[in-house]
Amino acid sequence: MPSICLYFQVHQPLRVKRYRVFDVGINHKYFDDNSETNLNNKKVLQKVAEKSYLPTNKILLELLKKYPEFKISYSFSGVFLDQLKLYLPKVLRSFRKLIDTGRVEVLSETYYHSLAFFYSKKEFESQVELHKQAIKKIFGLSPKVFRNTELAYTNDLALWADKAGYKAILAEGWDQILGWRSPNFVYKPKGGKRIKLLLKNYKLSDDIAFRFSEKSWSQWPLTTDKFAAWVNAINGNGQVVNLFMDYETFGEHQWADNGIFEFLRDLPRAILNHPDNNFLTLSEAVKRYPAMDEIDVPGIVTWADTERDLSAWMGNAIQSSAIRFIYDLEKDVNKTQNKKIIEDWRRLQTSDHFYYMCTKWFSDGDVHKYFNPYESPYDAFISYMNAATDLKLRIEKKLKSKY
Amino acid sequence: MLGWELPPYNSGGLGEACLGLARALSKNGVEVTFVLPQKVDLNYDFMRIVFADIGEDLKHLQNSYLSYRQWVESYGKDASSSPFDFISGALRYAENVSDIVKKYHSDIIHSHDWLTYPAAIAAKELSRKPMLAHIHSTEIDRTGGHYPNPIVYKIEKDGFENADKVLSVSKYTKNILIDDYAINPNKIDVIYNAIDKVSIGNLPPALTEMKNLGYKVVLFLGRITLMKGPEYFVRAAKRVLEFEKKTIFVVTGSGDMLERMITEATYSGILDKFIFTGFLRGEEKDRIMQAADLFVMPSVSEPFGIVPLEVISNRTPVILSRQCGVSEILNHVLKVDFWDIEEIANKIISVIRYRCLHDDLVNESGKELVNISWDKAAEKCIGIYNQFV
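Here is what the cut-offs are and how they apply
Residues numbered from 1 in each chain as written. Chains lettered and ligands numbered in written order. Predicted model: local features only at pLDDT ≥ 70, side-chain atom pairs only at ≥ 80, totals over all residues. Heavy atoms only, no water. Helix = DSSP H or I, 4+ residues; strand = E, 2+ residues; numbered from the N terminus. Rg over C-alpha atoms; globule rule 2.2 N^0.38 Å. Buried < 20%, exposed > 50% of the residue type's maximum accessible area, 1.4 Å probe, protein only. Contact = heavy atoms within 4.5 Å. Lys, Arg positive; Asp, Glu negative; His and termini not counted. Charge placed at Lys NZ, Arg CZ, Asp CG, Glu CD. Areas by Shrake-Rupley, 256 points an atom, 1.4 Å probe, with all protein chains shown as cover. UniProt positions renumbered as here; feature names shortened; annotations may be inferred. Phe/Tyr/Trp six-rings, centres within 6.5 Å; stacked < 30°, edge-to-face > 60°. Lys NZ or Arg CZ within 6 Å of the ring centre and 35° of its normal. Expected span 1.5 Å × (residues − 1). Bend = angle between axes of the 7 residues up to and from the residue. Axes fitted to C-alpha atoms, helices over the stretch in contact; angles between N-to-C directions. Parallel < 35°, antiparallel > 145°, perpendicular 65-115°, else oblique. Left-handed = near helix turned anticlockwise from the far one by under 90°. Nonpolar A, V, L, I, M, F, W, Y, C, P; charged D, E, K, R; others polar. Buried area = accessible area lost by both parts, 1.4 Å probe. Salt bridge = Lys/Arg side-chain N within 4 Å of Asp/Glu carboxyl O. 1 Å grid on protein atoms, 1.4 Å probe; cavity = no way out; pocket = protein on both sides within 12 Å on 5 of 7 lines; lining within 4 Å. Points joined across faces, edges and corners; volume = space filled by probe spheres on them. Domains from an automatic or database assignment.

Glancing now at the overall build of chain B. Helix and strand counts for chain B come out as 16 helices and 12 strands. By the compact-globule yardstick of 21 Å for 389 residues, chain B fits well, its C-alpha radius of gyration being 21 Å. Along the first, second and third principal axes, the C-alpha atoms of chain B reach 65 × 50 × 40 Å. Here chain B holds 389 residues, and the buried ones make up 60% of them. In chain B, the proportion of contacts linking residues at least 24 apart, taken out of those at least 6 apart, comes to 69%. Of the side chains in chain B, 44 bear a positive and 51 a negative charge, and the two mean positions are spaced by 2 Å.

In terms of helices and strands, chain A carries 17 helices and 10 strands. The dimensions of chain A, computed from C-alpha atoms along their principal axes, are 70 × 45 × 40 Å. The long-range fraction of contacts in chain A, counting pairs at least 24 apart against all pairs at least 6 apart in sequence, stands at 75%. Carbon together with sulfur atoms contributes 52% to the accessible area of chain A, which is approximately 16200 Å² in total.

Residues and elements named next belong to chain B. Assignment of secondary structure puts Lys165 in strand 5 (residues 165–168). Judged by its relative accessible area of 11%, Lys165 is buried. Those residues in contact with Lys165, other than ones at most four positions away along the chain, are Met131, Leu132, Ala133, Asn186, Lys187, Asp189, Ile384, Gln387 and Phe388.

Feature annotation in UniProt places "domain: Glycoside hydrolase family 57 N-terminal" (unreviewed entry) on residues 6–298 of chain A, given in this structure's numbering. Along residues 6–298 of chain A, the helical share is 40% and the strand share 15%, with 27 Å between the first and last C-alpha atoms.

Okay, the packing of aromatic side chains next. Here the structure, examined in full by the defined rule, presents 53 aromatic pairs over all chains. A centroid spacing of 5.2 Å and a plane angle of 65° characterise the contact between Phe22 of chain A and Phe243 of chain B, whose relative ring orientation is edge-to-face. Placement of Phe22 of chain A in the loop between strand 1 (3–10) and helix 1 (41–66) and of Phe243 of chain B in helix 10 (residues 230–243) is noted, with the two residues assigned to different chains. Relative accessible area serves as the criterion here: at 32%, Phe243 of chain B is assigned to the partly exposed category. With a centroid separation of 5.9 Å and 50° between ring planes, the pair formed by Trp4 of chain B and Tyr93 of chain B is classed as tilted. Remark: Tyr93 of chain B occurs in helix 4 (residues 86–103) and Trp4 of chain B occurs in the segment before helix 1 (13–27); sequence separation between them is 89 residues. Tyr93 of chain B carries the same exposure label as Trp4 of chain B, and that label is buried. An aromatic cluster of three or more residues is present, and its members are Phe8, Tyr53, Tyr74, Phe76, Phe80, Phe95, Phe139, Tyr247 and Phe250 of chain A. The side chain of Arg211 of chain A reaches across the aromatic face of Trp217 of chain A, ending 5.8 Å from its centre. Its guanidinium or amino end placed over the ring of Tyr202 of chain A, Arg308 of chain A lies 4.7 Å from that ring's centre, counting from NZ or CZ.

This brings us to helix 4 of chain B. For an α-helix, 3.6 residues make a turn, and residues three or four places apart therefore share a direction. Residue and element names in this part refer to chain B. Compared with the 26 Å implied by 1.5 Å per residue over 18 residues, the 26 Å span of helix 4 between its first and last C-alpha is a close match. Of all bends in helix 4, the biggest is about 35°, found at Val97. Every buried residue of helix 4 is accounted for by Phe86, Ile87, Gly89, Ala90, Tyr93, Ala94, Val97, Ser98 and Ile100.

All names here are of chain B. Two elements in contact, helix 10 and helix 14 (residues 341–353), have axes whose closest approach is 8 Å; the angle formed by their N-to-C orientations is 55°. Here helix 10 lies oblique to helix 14, going by the angle between them. Relative to helix 14, helix 10 is oriented so that their crossing is right-handed. Residues Tyr232, Arg235, Ala236, Arg239, Val240 and Phe243 of helix 10 touch helix 14, and the partners they reach there are Ile341, Glu342, Ile344, Ala345, Ile348, Ile349, Ile352 and Arg353. The residue inventory of the contact of helix 10 with helix 14, partitioned by class, reads 10 nonpolar, no polar and four charged.

What follows covers the interface of chain A and chain B. Counting from both sides, the interface comprises 20 residues of chain A and, opposite them, 24 residues of chain B. Looking at the side of chain A facing chain B, the largest losses of area belong to Phe22, Tyr378 and Ile382 of chain A, adding up to 33% of the total buried there. The interface formed by chain A and chain B holds six salt bridges in total. Among the ionic pairs, Arg20 of chain A bridges to Asp340 of chain B, the shortest N-O distance being 2.9 Å.

Another point: the layout of surface pockets. Residue and element names in this part refer to chain B. Estimates place the volume of the second largest pocket at around 1100 Å³. Taken together, 46 residues make up the lining of the second largest pocket; nearest its centre are Gly13, Glu16, Lys285, Ile306 and Glu310. At the level of secondary structure, the elements contributing two or more residues to the lining of the second largest pocket comprise helix 1, helix 12 (282–291) and helix 13 (307–313). Take the lining of the second largest pocket: its biggest share by element is seven residues, from helix 1. Of the residues assigned to the lining of the second largest pocket, the class counts are 19 nonpolar, 15 polar and 12 charged. No fewer than three residues from each of domain 1 (13–194 + 373–388) and domain 2 (208–371) sit in the lining of the second largest pocket.

Next comes the structure, spelled out in structure tokens:
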């Protein structure tokens, strides 16, 4: 009986180039690095498109054609879609082809992939609205399911989404919020009226997203039949299996050489081999299954690190100062009514900027270091603050000329 | 163990490193006989100290860290003082070492830098014991690669070639040995230096009047020689002052480029923003490190560079050049290329402006320091000894 819900997060930030104190007041382009480094947004996008987006889209389109029961869900950040429009329209077209099958759901999120909910409700709502409009314009869809940046979730967020009319919201299936309960059922948020809660099965999701190529893992190599057997084992004590992961899992985090594409290509066959299994989009899942219980999440839970909190984004002094600095500009930014200034301000809210400043385990060369295009968290902070300072000067100048 | 100097009679990092390593080795069960070229009054109870009596003035010995060329420049023109010749000193050390080899038993000959290599080779021939050439600083570093003294270079190369193993203080230095001395990489092991105290308590504040007036203090500390990049510090200071006028640049140390540093600051019109404290040691050195808001080490070529570790133990953030060995083991510091004045200034200004950056650097680098110890260095060293005995 378990229904497999595949949801992929697709996002690329606009990384701030190496921006020195001497650029402040002179250079207002923060995101146009054209070096050979990973600060070059266009270059990164092209690389990931070749390695991941294009081949994965091709496979998924074949699978959607081959298996009428196969379904998937995506969430695209607005900054990602902006970059596709600008640099790689053919990738955007290939996503559109998938969506045109009618069996692909697109979720709602903040346009700028930000953590605005925790800093400014008003700004958060503007970004969600902008995203909604973009999804309507690009794909002709109106999202019914909400997911927040980094899967950052609290009761308050769920209540907001409930009021806003969403059918479902996503969160990490973290043991500390579940207690003895299983992530393989549909729940409802504490205090929620109509909205339902879908929880990531992080064990099975991470078997693909993190452990797939790990030779020291006792289950390596992961075959589709082995994976399907784990899913089948849930039969009888679960209704949904929520596999949530970054889309770059395919080809970028897990390399083609390690067989990730063969795995993906064969996965629907292995899953559908058991007559009780099926695939659902997230809206279909909450429509089909009742909420089994209420989940209470008073503090913020995310999908990151072993702590599942926001410490990877705001855990140290440089991160919290930088994020405070940017949200403190809100009132004045809006007063300028200048489109370019507002856009730059929002682009500086993308959560990745703060993630790059994370000092946790920086010494150990782990996942944080792997994803960091800067030499160190401190270099990320310095470029960011210089750019944000320039933005602040632009705002002051604008307001001075206005009044 | 064959050395050239030990604290407090030392001119730089060599003596400190020898002492730190010897102490940790003896703590971990190695019996150390430490040979020095000249009798000095030392009192270390964990090892035996013997002297080769090469018959030279201590004052002269302590300048061993100058390059040969610099040394001739600073002493050679002065006809009244007969210049001490390090090369013949090193050779005399080799002549005198035989008595010591006969008198004191050893299983391993562990020698530190070129001045001791002729003696180590002699000791190896006499005793037929394995010899390790530990390298703390090469002639290439000391001269920045410009006109290395060919005899010194030859003595270094002979030392490496005759050694059964070469111990280098960083990968940076290992690469110099491979590229400039053609030494087989498999023969070279890296043993990083360390410090004894990872955290130093709060000392009476220094430069308080400046700081009360709101000045930020940027520190340069080390021998003021070519390899430490003092002129880059002055140029970066000029750039910083265009943006942050309330900054004071403190220079602690002495050396042959002090005059040039002062001249450059004068020509740039920023001499009034400089304080030269001269050479400091002990508590005074720690106090100036604690008073500083930031320490900058723009070294042109530094085999290791112990000072950043001392600065971190005094809870001050560090900017250092990628051209120094210590940057291989420090993550929570700001790194620059020594020639990139703009980037040095950019980073100095950032630390001055953002207290949170200062604080995170201090906290995180402090944690990192706990894992850098002489015991670890000694452990690795003993592992290498065990390959031979």
